[in-house]
Amino acid sequence: MDNSVLKQEKSTFLRIRDLIKSAKGTLAKRFSDVGATNLEKLQDLRESGTFGLDFQMFIDQLDQSNQAFNFKDKFKKMEELEYLEKEPYFARVDLSDPAGIDEDHLLYIGKFGYTDEKPVITDWRAKIASVYYRYRYPQKNVQYETPEGIQTRDLLLKRTFEIDNGELIKFYNNDIQLDESEIIVDKIKHRTGGVLEDIVETIQISQMDIIEADPRQICIVQGCVGSGKSTVAIHKLAHIFFNYPNVIHPAKSILIAKNQILIGYLSTLFPKLGIFDIYYKTLRELAINLVFIEELGISVDLGEHTDTSDFTVDKLRAFREKISTYHKLVESKLNHLFSNPNYESFGGFKYSEKLTPYENLSELLNEIQEEIDMQKERLDVSPDGIRSMLYRENLKSLKKLAKEITNIRVKLKTTDFIEVLKTYELDKSKKLNYFETLIFILAYSELIGFLKFPKFEYCVIDEGQDVSLLEYAVLGKIVLRGRFAIFGDLNQSLEDDGVSRWENIKEVITEAKQASVFELTTNYRSTKQIIDVASRILTPYTDKHLPKSINRMGKEPVEEEFNSVDDLVVSFDKQVSEDIKDIDKSIGIICTNASLQNKVDSLLSKKSINPDQFIKLDSSKVIHYLPRGIYTMSMVDCKGLEFAKVYVLGMNLKKVKGAREARQAFVAVTRAMNELHVLGIK
């Protein structure tokens, strides 16, 4: 590293940091004019755990009462400046035009952009910033997109900075001699786990392909364990909101996961990437919201798990064929009506199977009402004119026609709809379970259509392998034009009704024009030793989608066997007692059964642990995730999470039998980043 260059870079760094400090001070003064305590309360709420409802309600309230100030945007800007003050940027690229027409570009790239009189920091999401992620220097004819089309430049310099709490420490020139994997390994080594961290400094080309993929289609990502797919999912959202601000809005987008634990965990990354008003829900919460908002008039009980695997691709095809018969029936009834000489002159309506039968009838009734209004206006203008008799006859015919169409519509919503439900032995007068509720919603969406529930402009699904075909079919009806990003790993499928092939999704969600499938094959989370153990568990049952290690070395995993559960707990007690002396990282304790988890919870509750650092994962409660804490959980609840150190209690890896058990063990051990202890019974 050239010291003279470092001195120049430090000078530039200080100048840019001072600009940001000044901008932050100016904005803070504007906040004080509308109440400095409001800003403090917002920041407290954001730091108080999951980025949740209290924060959203308070900022919405402030936004409404200070519309001229535009509270949401100003708060977002303040958050960005707070971050930029500590780390204004992480990279620099120098570009020149090989044709010599345009001026050269020297770009400093940061997590957020900043402009003074001219651009000072380029946002990582800007199209031109993709050069940093996709190329090494020196390289000629690198390309990036702009609204004017593809631009070609020569990459003269690519430089990465190490900045610590507002101080530039050193830099690397990312030339062809630098092994960039060393930078990634160094970044991962300093992570504590327990919360999701952004990866804007280390996004790989395979991840960038997903992030930059056109959001106006289905994007399916098969990502091996630890490949960063959940993190990439949220970075993709941030990238979309930046580049498609007039097409896809955060407040009209949603993140879906199967349980509240994972939803809360994922939400910890939103504010770090400047996302403040997106929806995030479980599928069951979404179903309840839909029933309520649409006023479907049914009673539901979604508490118990109900298997939806019976709804196969073949059954979906049969369901759609049945819906198609109602389309044909309604269209036939309309054709018959308009063949009546009294109604012939009002024909011309074009039936569309892109709308539901009910929506077609409603649209036709709207057209007839417009015609009625027009005939009335003509009659009012000339009540005794030569054509007044014709207007009166037209009105009589139109009203009669409207009544007949209304009768068809009423029958569709009552008799015909009930007949469809009976096919699946559904009785809407009784309380419906989860499977029955989804069938009801799907049938309603296909025959009637949602009249009050607004469609989402974009949807991200995490752990998509655990979402059933029926759930995908319902989601396809509430997301605009099939705009999905679906992330998952078939090797981590633990639900009986989850998808077995990604290709099935393309057939279920038919609203999208096309679907692209991506694969992430590299594990960045765990050490090579942990990946070796995980692969050993799974390879007897599959050779597909196994994780490739980046060869980050660490401690050998510990596997111990005991004669009894009591002996196991005694040994665990000794080991964890050393951990709690200084909780400087996240520690995940995964228990194979409820009895063992109760013993562990009781044991830890008697120890001198800061209550805030002892977290029992419970899908019914809001969880406060910390980078330094001890987490206890069941096997079911550990999926999607990561911890610096993991104990798997009650599992003997030598006794794993069958593909399902292997997948459970595989998921459990790969929660570990650096250290893994597996304690089982002989």
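Since the model is a prediction, treat every value here as computed from it, not as a measurement. (Residues numbered from 1 in each chain as written. Predicted model: local features only at pLDDT ≥ 70, side-chain atom pairs only at ≥ 80, totals over all residues. Heavy atoms only, no water.)

Pulling in residues and values, what's your account of the overall build of the protein chain?
Scanning the protein chain for helices and strands turns up 20 helices and 21 strands. Counting only C-alpha atoms, the protein chain reaches 95 × 70 × 50 Å along its principal axes. For the protein chain, with 682 residues in total, the buried portion stands at 54%. Across the protein chain, contacts joining residues at least 24 apart in sequence account for 75% of those joining residues at least 6 apart. As presented, the protein chain carries roughly 31,500 Å² of accessible surface, and 48% of it is formed by carbon and sulfur atoms. Separation of charge centres in the protein chain, based on 94 positive and 104 negative side chains, amounts to 1 Å. (Helix = DSSP H or I, 4+ residues; strand = E, 2+ residues; numbered from the N terminus. Buried < 20%, exposed > 50% of the residue type's maximum accessible area, 1.4 Å probe, protein only. Contact = heavy atoms within 4.5 Å. Areas by Shrake-Rupley, 256 points an atom, 1.4 Å probe, with all protein chains shown as cover. Lys, Arg positive; Asp, Glu negative; His and termini not counted. Charge placed at Lys NZ, Arg CZ, Asp CG, Glu CD.)

Account for the sheet that holds strand S21 (residues 672-681), naming residues and giving values.
Spatial strand order, S16-S21-S20-S17-S19-S18: six strands in an open sheet with parallel pairing. Edge positions in the sheet fall to strand S16 (558-562) and strand S18 (614-616), since each has one partner strand and no second. Strand-to-strand twist across the sheet, computed as the mean angle between neighbouring axes with direction ignored, equals 15 degrees. Pairing between strand S20 (residues 643-649) and S21: six bridges, direction parallel. In the strand pairing of S21, lysine 645 is matched with glutamate 675. With respect to the sheet, helix H18 (residues 565-579) is in contact with S16, strand S17 (586-591), S20 and S21, its orientation differing from that of S21 by roughly 155 degrees. Sheet contacts for helix H19 (residues 594-605): S17, S18, strand S19 (629-634) and S20; angle to S19, the most-contacted strand, approximately 160 degrees. (Pairing = 2+ DSSP bridges. Axes fitted to C-alpha atoms, helices over the stretch in contact; angles between N-to-C directions.)

I'd like a description of unusual backbone geometry, backed by residues and values.
Of all residues except glycine, most have a negative phi; of all peptide bonds, most are trans. Geometrically, the link from tyrosine 137 to proline 138 is a cis peptide bond, its omega value of -5 degrees lying close to zero. The topology assignment puts proline 138 in the loop between helix H5 (130-134) and strand S5 (139-146). Phi is positive for asparagine 141, close to 60 degrees, though the residue is something other than glycine. Tracing the backbone shows asparagine 141 in strand S5. At arginine 481, a residue that is not glycine, the phi angle is positive and equals roughly 50 degrees. With respect to the helices and strands, arginine 481 occurs in the loop between helix H15 (469-476) and strand S12 (484-488).

Can you break down the sheet that holds strand S8 (residues 218-223) residue by residue, with the values?
In a beta sheet, neighbouring strands are held together by backbone hydrogen bonds and run either parallel or antiparallel to one another. With parallel pairing, six strands are arranged side by side in an open sheet as S10-S9-S11-S12-S8-S13. Looking at strand neighbours, the two that pair on one side only are strand S10 (279-282) and strand S13 (515-520), the edges of this open sheet. Going across the sheet, the axis of each strand differs from the next one's by a mean of 15 degrees, ignoring polarity. Note: S8 against S13, six bridges, orientation parallel.

Describe the nonpolar core, naming the residues involved and giving the relevant values.
Trp124 and Leu617 are the most contacted members of the largest nonpolar core, which totals 89 residues. Looking at this core element by element, the count peaks at seven residues for helix H8 (residues 229-243). Those residues within four positions of leucine 617 in sequence are excluded, and the remaining contacts are Ile261, Ile623, Tyr625, Tyr631, Thr632, Met633, Asp637 and Leu641. (Core = buried A, V, L, I, M, F, W, Y, C linked by side-chain atoms within 4.5 Å.)

Any details on the packing of helix H11 (residues 313-338) against helix H14 (residues 434-447)? Residues and values, ideally.
Where H11 contacts H14, the two axes come as close as 10 Å, and the packing angle between them is 35 degrees. Crossing of H11 over H14 shows right-handed handedness. For the pair H11 and H14, the contacting residues are Phe319, Arg320, Ile323 and Tyr326 in the first and Leu442, Ala443, Glu446 and Leu447 in the second. (Left-handed = near helix turned anticlockwise from the far one by under 90°.)

Describe in detail empty space enclosed by the protein, supporting the description with residues and values.
Evaluated as defined, the whole model comprises one cavity of 30 Å³ or more. Its boundaries defined by the atoms lining it, the largest cavity holds a volume of some 80 Å³. Along its surface, the largest cavity is lined by Leu283, Leu286, Ala287, Leu290, Tyr434, Leu438, Ile441, Glu471, Val474, Leu475 and Ile478. Contributing elements (two or more residues each) for the lining of the largest cavity: helix H10 (283-293), H14 and H15. If one sorts the elements of the lining of the largest cavity by residue count, H10 sits on top with four residues. (1 Å grid on protein atoms, 1.4 Å probe; cavity = no way out; pocket = protein on both sides within 12 Å on 5 of 7 lines; lining within 4 Å. Points joined across faces, edges and corners; volume = space filled by probe spheres on them.)

Could you give an account of the environment of leucine 653, naming the residues involved and the relevant values?
Relative to the elements of secondary structure, leucine 653 occurs in the loop between S20 and helix H20 (658-669). As a C-alpha pair, leucine 653 and aspartate 2 span 651 residues in sequence and 52 Å in three-dimensional space. Not counting the four nearest positions on each side in its chain, leucine 653 is found in contact with Val533, Arg536, Ile537, Glu559, Ala665 and Val678.

Give a detailed account of the environment of serine 605, specifying residues and quantitative values.
Take serine 605: it is sitting in helix H19. A distance of 2.8 Å separates a polar atom in the side chain of serine 605 from the backbone oxygen of serine 602. (Polar contact = N/O pair within 3.5 Å; in protein donor to acceptor, adjacent residues only side chain to side chain.)

Requested: an account of helix H6 (residues 180-189), with residues and values cited.
Among the residues of H6, Ile183, Ile184 and Ile188 are the ones counted as buried. Projected down its long axis, H6 carries its buried residues within an arc of 130 degrees, all on one side. Those residues of H6 that are exposed and aimed more than 90 degrees away from the buried face are Glu182 and Lys189. Where H6 is buried, its residues meet strand S7 (167-173) and S21. (Arc of directions from axis to C-beta.)

Break down the side chain of serine 96 for me, with residues and values.
You can see serine 96 is positioned in strand S1 (residues 91-96). With a relative accessible area of 11%, serine 96 lands in the buried category. Leave out the neighbours within four places in its chain, and serine 96 touches Asp104, Arg153, Asp154 and Leu156.

Report on the environment of proline 383, specifying residues and quantitative values.
Mapped onto the fold, proline 383 is located in the loop between helix H12 (357-381) and helix H13 (388-423). Discounting chain neighbours no more than four positions away, the residues touching proline 383 are Ser388 and Arg392.

Help me get a handle on the pattern of salt bridges, residues and values and all.
Taken as a whole and assessed by the stated rule, the structure comprises 41 salt bridges. Between aspartate 579 and lysine 645 there is a salt bridge; the shortest N-O distance is 2.8 Å. In this pair, aspartate 579 sits in helix H18 while lysine 645 sits in strand S20, placing the two residues 66 residues apart along the sequence. Accessibility assignment for this pair places aspartate 579 and lysine 645 in one class, buried. It is possible to trace a salt-bridge network through shared partners that takes in Glu9, Arg92, Asp94 and Arg159. (Salt bridge = Lys/Arg side-chain N within 4 Å of Asp/Glu carboxyl O.)

Can you break down the pairing of strand S6 (residues 149-164) residue by residue, with the values?
Two strands pair when backbone bridges link them, and S1 and S6 are joined in this way by six bridges, in the antiparallel orientation. Counterpart to valine 93 in the pairing with S6 is lysine 158. Sheet topology note: the S5/S6 ladder contains six bridges and is antiparallel. Residue tyrosine 144 lies in a different strand from S6, and its bridge partner there is glutamine 151. Hairpin connection between S5 and S6: a loop of two residues separates the two successive antiparallel strands. Relative to S7, S6 runs antiparallel, the two being bridged by six bridges. Counterpart to arginine 159 in the pairing with S7 is asparagine 173.

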